[in-house]
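# Results of the structural survey
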Amino acid sequence: DAKTTQPNSMESNEEEPVHLPCNHSTISGTDYIHWYRQLPSQGPEYVIHGLTSNVNNRMASLAIAEDRKSSTLILHRATLRDAAVYYCFDYNQGGKLIFGQGTELSVKP
Amino acid sequence: DAMVIQNPRYQVTQFGKPVTLSCSQTLNHNVMYWYQQKSSQAPKLLFHYYDKDFNNEADTPDNFQSRRPNTSFCFLDIRSPGLGDAAMYLCATSTAGGRTGELFFGEGSRLTVL
């Protein structure tokens, strides 16, 4: 299964933008890039996904490098409720989601 | 309204006493997954169903079994729980080949083994 690498932890201040990086060194041409997050004591939740183009939704933006070997999840204004573990994936639709260690984001008031 | 419902949310069992965790979904998704998440670790895929086809991960112990009697329900059976099986068990669903491939997770069932 494809593996991604992320920093173990990051810190942000409230109301500031956060850029969470992910390396997709083994991504294949048909894999989508997905991001999920897991808030404390909850199941993971979908954040955003993309294939080649940058994507925006109400939760976040996703910037995908031209070679697709890296992506960045952008939270435009971090809130305390954004404190969570963020996971990125190379996802082949119809396949399995295999979790890496993720990035634990802490947000300071 | 919750779309993936897990019961019970908290389960306490004794060492070696079988336990069953349930997952139901209102999404009519054809794929259902079971993950195990131990404290401070990432979720680990145990197995998944693609419709009625069962797909076991290579390193899932035989102690863990699953049943899917219909599209809406899936069960995780732990035949003889050990102390090392204490964890949060997460159920998720997806529609294979769907537009987004998004997985929907339940809130989890936390298992304590005494």
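The structure displayed is predicted, hence computed values, not measured ones.

All names here are of chain B. Burial analysis of strand β3 (residues 19–25) places six of its seven residues in the buried class, the great majority of the element. Judged from the six bridges that link them, β3 and strand β8 (residues 73–78) form a sheet pairing that is antiparallel. Opposite serine 24, over in β8, you have phenylalanine 73 as the bridge partner.

What follows deals with the pattern of salt bridges. Summed over the entire model, instances satisfying the criterion amount to seven salt bridges over all chains. The salt bridge involving Glu11(A) is made with Lys108(A); its shortest N-O contact spans 3.3 Å. Of this pair, Glu11(A) sits in strand β1 (residues 9–13) while Lys108(A) sits in strand β9 (residues 103–108), and the two are 97 residues apart along the sequence. Look at Glu11(A) and you get exposed, because its relative accessible area is 55%. In this structure, Asp59(B) and Lys44(B) form a salt bridge, with 3.3 Å as the shortest nitrogen-oxygen distance. A residue pair is termed long-range when its members are at least 10 positions apart, and Asp59(B) in the loop between β6 (53–56) and β7 (64–67) and Lys44(B) in strand β5 (residues 44–50) qualify at 15 residues. For Lys44(B), a relative accessible area of 31% translates into the label partly exposed.

Once that is clear, we can look at the interface of chain B and chain A. Facing the 22 residues of chain B at the interface are 18 residues of chain A. For the pair chain B and chain A, the summed buried area comes to about 1,600 Å², and 54% of that belongs to carbon and sulfur atoms. Summed over the shared surface of chain B and chain A, the number is zero salt bridges. Between chain B and chain A we count three residue pairs in polar contact (both at pLDDT 80 or more) in total.

With that out of the way, let us pick up the sheet that holds β9(A). Residue and element names in this part refer to chain A. Taken together, five strands build an open sheet; the order of strands is β1-β9-β8-β3-β4 and the sheet is mixed. Looking at the sheet topology across the chains shown, the edges are occupied by β1 and β4 (45–50). Taken over all neighbouring pairs, the strand axes of this sheet differ in orientation by 25 degrees on average, direction set aside. Where strand β3 (residues 32–38) and strand β8 (residues 84–91) come together, seven bridges link them in antiparallel fashion. Bridging across to β8, histidine 34 finds its partner in phenylalanine 89.

Here we come to the state of the cysteines. For the structure shown, the criterion picks out two disulfides over all chains. A disulfide bridge connects Cys22(A) with Cys88(A), and the sulfur atoms are separated by 1.9 Å. Disulfide Cys22(A)-Cys88(A): torsion about the S-S bond near 75 degrees, hence right-handed. Of this pair, Cys22(A) sits in strand β2 (residues 18–23) while Cys88(A) sits in strand β8, and the two are 66 residues apart along the sequence. Paired through a disulfide, Cys23(B) and Cys91(B) show a sulfur-sulfur distance of 1.9 Å. Judged by the torsion about the S-S bond (-75 degrees), the Cys23(B)/Cys91(B) disulfide is left-handed. Of this pair, Cys23(B) sits in strand β3 while Cys91(B) sits in strand β9 (residues 87–94), placing them 68 residues apart in sequence. Its sulfur unpaired, Cys74(B) is 6.0 Å from the next cysteine sulfur, which belongs to Cys91(B).

Right, let's talk about the nonpolar core for a bit. Membership of the largest hydrophobic core comes to 20 residues, with the highest contact counts inside it found for Leu20(A), Trp35(A), Leu73(A), Leu75(A), Tyr86(A) and Leu105(A). Elements supplying a minimum of two residues to this core: β2, β3, β4, β6 (61–64), β7 (70–75), β8 and β9 of chain A.

All names here are of chain B. On the basis of which strands lie adjacent, the open sheet formed by four strands has the order β1-β3-β8-β7 and antiparallel pairing. Edge positions in the open sheet fall to β1 (4–7) and β7, since each of these has one partner strand only. Each strand of the sheet is rotated relative to its neighbour by a mean of 20 degrees, with strand direction disregarded.

About the thresholds
Residues numbered from 1 in each chain as written. Chains lettered and ligands numbered in written order. Predicted model: local features only at pLDDT ≥ 70, side-chain atom pairs only at ≥ 80, totals over all residues. Heavy atoms only, no water. Buried < 20%, exposed > 50% of the residue type's maximum accessible area, 1.4 Å probe, protein only. Helix = DSSP H or I, 4+ residues; strand = E, 2+ residues; numbered from the N terminus. Pairing = 2+ DSSP bridges. Salt bridge = Lys/Arg side-chain N within 4 Å of Asp/Glu carboxyl O. Contact = heavy atoms within 4.5 Å. Buried area = accessible area lost by both parts, 1.4 Å probe. Polar contact = N/O pair within 3.5 Å; in protein donor to acceptor, adjacent residues only side chain to side chain. Axes fitted to C-alpha atoms, helices over the stretch in contact; angles between N-to-C directions. Disulfide = S-S within 2.5 Å. Core = buried A, V, L, I, M, F, W, Y, C linked by side-chain atoms within 4.5 Å.

Any functional reading would require information that these geometric values do not contain.
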